[in-house]
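Architecture at a glance
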Amino acid sequence: MTLCRDLFVQESLVVDVTSAKAPARDRYFDTLRALAIVRVVAYHAFHYAVLALLFPSMGVMFALAGSLMARSLDRSAAPTVIRGRVRRLLPALWVMAAVLVPLMLIAGWGHRPAWPDFLLWVLPLATPPASHGLGDVGAEGAGVLWYLATYLWMVLLSPLLLRLYRRQRLLTIALPLVVLAALHSRHIADGNNAVQTAGYVLTFLPCWLLGFAHRDGDLRRMRPVVVAGVAAGCAALGLAWVVDHPGPAGLDLVPFPLAHALYSMGFVLALLRLNPSLAWLGRRPLLQRMVSALNNRAVTIYLWHNVVITVAIIVGDRLELWDVHPGALIYLGFTCIALSLLTVTVLGLGWVEDLAARRRPRLRPWPIPSPRHSPRHAAGRMADAVEPAPRVGAAA
C-alpha cells in the first residue's frame, strides 16, 4: 500500500498548476519526438530489431501525444479537441491515398477488397488496404498506417479515458496490461484487421495514460527512486520475455504485445520523469532547426518514409549500385538516395501539414528568424509556437 501511495498521490485530482502553465511548445518533447522519428526511419531502412530496444519510439510518441491531449482537453471542449486532432491528421493521409491508391489500381490489384474497405483511406479506423504489387510500394506505404488508426482511437477515447484515469489511476493503467496478459500474443498478431488494431490500442494505451500522468503532475510527485525502480522493472520484464522468446528478427518486441507494452512503459516513465529544460538547445541554432523541421513535418515523414525507402531500393537496383560499391559504401549509397528522396517528398508535400493546422503553407519546415522589435514578426513567432500537427512515428 505504501508503494501505491508513492506511485500516485491521491490528494488532488486536478491538473498540476505548473504543468498548466507550460509553454505551448516544449523543447524536451520536441527533441524526444525528433529522436523517435529518426529511429523509426532507421528501423525501417535497415531492419535492425535492436533499434527498438535502444529507443522504443512508438511508446514514446504515444506518451507525448497523450500528455498533449490531456492538456488540450483541460483547456477546450472534447468535441473541439477531437475535431482539431482529426483535422490536422487526415489531409496528409488523403494526399497519400490520392497517389498510392490509383497507382495500385493501375498496376493491377489482385484480390482487392470490397469498396467499403477503401473508406479506411478516408477515415483510418483500421489499417487501410493495399496491394502487394508495384514493387511492394503500396504495401510498404500502408504498412505504417496502423499508427494512424491507433492514434485515432486514442483520440476518440481520450475524454472517457481521462475521466477514468483521474478516478482510478493505477487501475486504469493496469487494465490494458491485464487484458494483454490474458490474451495469447499470437491471437492478436494473426487476427483480422480489427483484432490487430485493438491489439495495438491495448499495447500503447498504458503509454498514452502515462502521458496523462505527466500532464497531471503525478510523475513529478513520485520519488525518483520509485520511478527508477518501476521503470527498470517494467523494462526488465519486457526484455526478459523477448530474450526467452526471440522472434524471427532476433530480440524483437513487435511480435509480443505485452512485452512491448512493458518495455515501452519503462522507457516512458524514465523519460517523462526526467523532463529537463534543454536550454542549451536554444544556443545551437542548426540543431534547433533540425528538431523544428522534424516536428513540423513529422506526419509527412512518417507517412512517406517507407515508400521512399522502397523506391530507393528500386532505384539502387536499376542503377546496379549494390553491385558496384561493396561493404559499407552500399549503406552510404542507399542512405544518400533515401534521404534525397525523402527531402524532395517533404518539400513537395509537407505544406499539407501547414494547411491542416491552418497555418500559412511554406516549403521551409522550421520557423523563419525574424528581426526584433517588429509586431508583425512577433505575431509570426507566436503562430509558429502553436502546437504542431499530431506526432507520429512512429510505428515500428
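The notes below deal with the structure included here. Source: prediction; values computed, not measured.

Moving on, we come to the nonpolar core. Judged by nonpolar contacts, the single largest core of 85 residues is most densely connected at Phe 62, Trp 121, Leu 145, Tyr 147, Trp 208 and Leu 303. The leading source of residues in this core is helix α6 (residues 78–106), at twelve residues. Counting seven residues, the second largest nonpolar core, distinct from the first, contains Ala 235, Leu 253, Phe 256 and Tyr 263.

Glancing now at the packing of α6 against helix α8 (residues 146–167). Running from N to C, α6 and α8 point in directions that differ by 170°, and their axes come no closer than 9 Å. One way to sum up the angle between α6 and α8 is to call them roughly antiparallel. Two secondary-structure elements touch here, α6 through Ala 78, Ile 82, Arg 85, Val 86, Leu 89 and Leu 93 and α8 through Leu 148, Tyr 151, Leu 152, Val 155, Leu 156 and Pro 159. Looking at the contact of α6 with α8 residue by residue, the class counts come to eleven nonpolar, no polar and one charged.

A word on the pattern of salt bridges. Here the idea is simple: oppositely charged side chains can pair when their charged atoms come close. This model, assessed by the stated rule, comprises eight salt bridges. A salt bridge links Arg 33 to Asp 30, with the shortest nitrogen-to-oxygen separation between them at 3.0 Å. On the criterion of helical spacing, the pair formed by Arg 33 and Asp 30 is a turn pair, its members being three residues apart in helix α3 (residues 27–46). Its relative accessible area of 3% is what places Arg 33 among the buried residues. The exposure class of Asp 30 is buried, given its relative accessible area of 11%.

Our next topic: the environment of Ala 78. For Ala 78, the location among the structural elements is in helix α6. Between the alpha carbons of Ala 78 and Leu 160 there is a distance of 9.7 Å; along the sequence they are 82 residues apart. Dropping the residues within four chain positions of it, Ala 78 is found in contact with Leu 73 and Pro 159.

So, on to the packing of aromatic side chains. The final tally for this structure, using the stated rule, is 16 aromatic pairs. Aromatic side chains Phe 62 and Tyr 147 sit 4.8 Å apart centroid to centroid with 40° between the ring planes, which places their arrangement in the tilted category. With Phe 62 in helix α5 (residues 57–75) and Tyr 147 in helix α8, the pair connects residues that are 85 residues apart, well separated along the chain. The pair formed by Phe 62 and Tyr 147 is uniform in burial state, with each residue classed as buried. Between Tyr 165 and Phe 212, the ring centres sit 6.2 Å apart and the planes meet at 65°, which makes this aromatic pair edge-to-face. With Tyr 165 in helix α8 and Phe 212 in helix α11 (residues 193–216), this pair connects stretches of sequence that are 47 residues apart. Since its relative accessible area comes to 0%, Tyr 165 is described here as buried. Among the aromatic residues, those joined into a ring-pair cluster are Phe 62, Trp 146, Tyr 147, Tyr 151, Tyr 200, Phe 204, Trp 208 and Tyr 302.

The next point concerns the environment of Leu 119. Mapped onto the fold, Leu 119 is located in the loop between α6 and α7 (137–143). Sequence separation between Leu 119 and Pro 129 is ten residues, and the spatial gap between their C-alpha atoms is 9.4 Å.

Now for the packing of α11 against helix α14 (residues 257–274). Contact geometry of α11 with α14 gives a least axis separation of 8 Å together with a crossing angle of 20°. The orientation of α11 relative to α14 falls into the category roughly parallel. For the pair α11 and α14, the sense of crossing is right-handed. For the pair α11 and α14, the contacting residues are Thr 203, Phe 204, Pro 206, Cys 207, Leu 210, Gly 211 and His 214 in the first and Pro 257, His 260, Ala 261, Ser 264, Met 265, Val 268, Leu 269 and Leu 272 in the second. Of the residues assigned to the contact of α11 with α14, the class counts are ten nonpolar, five polar and no charged.

Here we come to unusual backbone geometry. At Asn 275, a position not held by glycine, the phi torsion is positive, near 45°. Structurally, Asn 275 is set in the loop between α14 and α15 (285–296). At Arg 358, a residue that is not glycine, the phi angle is positive and equals roughly 60°. Topologically, Arg 358 is positioned in the loop between α19 (351–356) and α20 (375–384).

This part covers helix α13 (residues 224–244). The terminal C-alpha atoms of α13, which comprises 21 residues, lie 30 Å apart, in line with the 30 Å expected from a rise of 1.5 Å per residue. Burial in α13 covers these residues: Val 226, Val 227, Ala 231, Cys 234, Ala 235, Gly 238 and Val 242. Looking down the long axis of α13, one finds its buried residues gathered within 150° of arc, a one-sided arrangement. Of the residues in α13, the exposed ones pointing more than 90 degrees away from the buried face are Val 225, Leu 237, Val 243 and Asp 244.

Before going further, it helps to spend a moment on a nonpolar patch on the surface. Together, Trp 94, Trp 115, Leu 119, Val 122, Leu 123, Leu 125, Trp 153, Leu 156 and Leu 157 line one region of the surface with nonpolar side chains, adding up to about 840 Å² of accessible area. Per-element accounting of the nonpolar patch gives the leading share, three residues, to α8. Position of Leu 123 among the secondary structure elements: in the loop between α6 and α7. A residue is classified by how much of its surface remains accessible, and Leu 123, at 38% relative accessible area, is partly exposed.

Rules of the game
Residues numbered from 1 in each chain as written. Predicted model: local features only at pLDDT ≥ 70, side-chain atom pairs only at ≥ 80, totals over all residues. Heavy atoms only, no water. Core = buried A, V, L, I, M, F, W, Y, C linked by side-chain atoms within 4.5 Å. Buried < 20%, exposed > 50% of the residue type's maximum accessible area, 1.4 Å probe, protein only. Helix = DSSP H or I, 4+ residues; strand = E, 2+ residues; numbered from the N terminus. Axes fitted to C-alpha atoms, helices over the stretch in contact; angles between N-to-C directions. Parallel < 35°, antiparallel > 145°, perpendicular 65-115°, else oblique. Contact = heavy atoms within 4.5 Å. Nonpolar A, V, L, I, M, F, W, Y, C, P; charged D, E, K, R; others polar. Salt bridge = Lys/Arg side-chain N within 4 Å of Asp/Glu carboxyl O. Phe/Tyr/Trp six-rings, centres within 6.5 Å; stacked < 30°, edge-to-face > 60°. Left-handed = near helix turned anticlockwise from the far one by under 90°. Expected span 1.5 Å × (residues − 1). Arc of directions from axis to C-beta. Patch = residues over 30% accessible without salt bridge, like charges linked within 9 Å, V, L, I, M, F, W, Y side chains within 5 Å. Areas by Shrake-Rupley, 256 points an atom, 1.4 Å probe, with all protein chains shown as cover.

The analysis is restricted to geometry; functional conclusions fall outside its scope.
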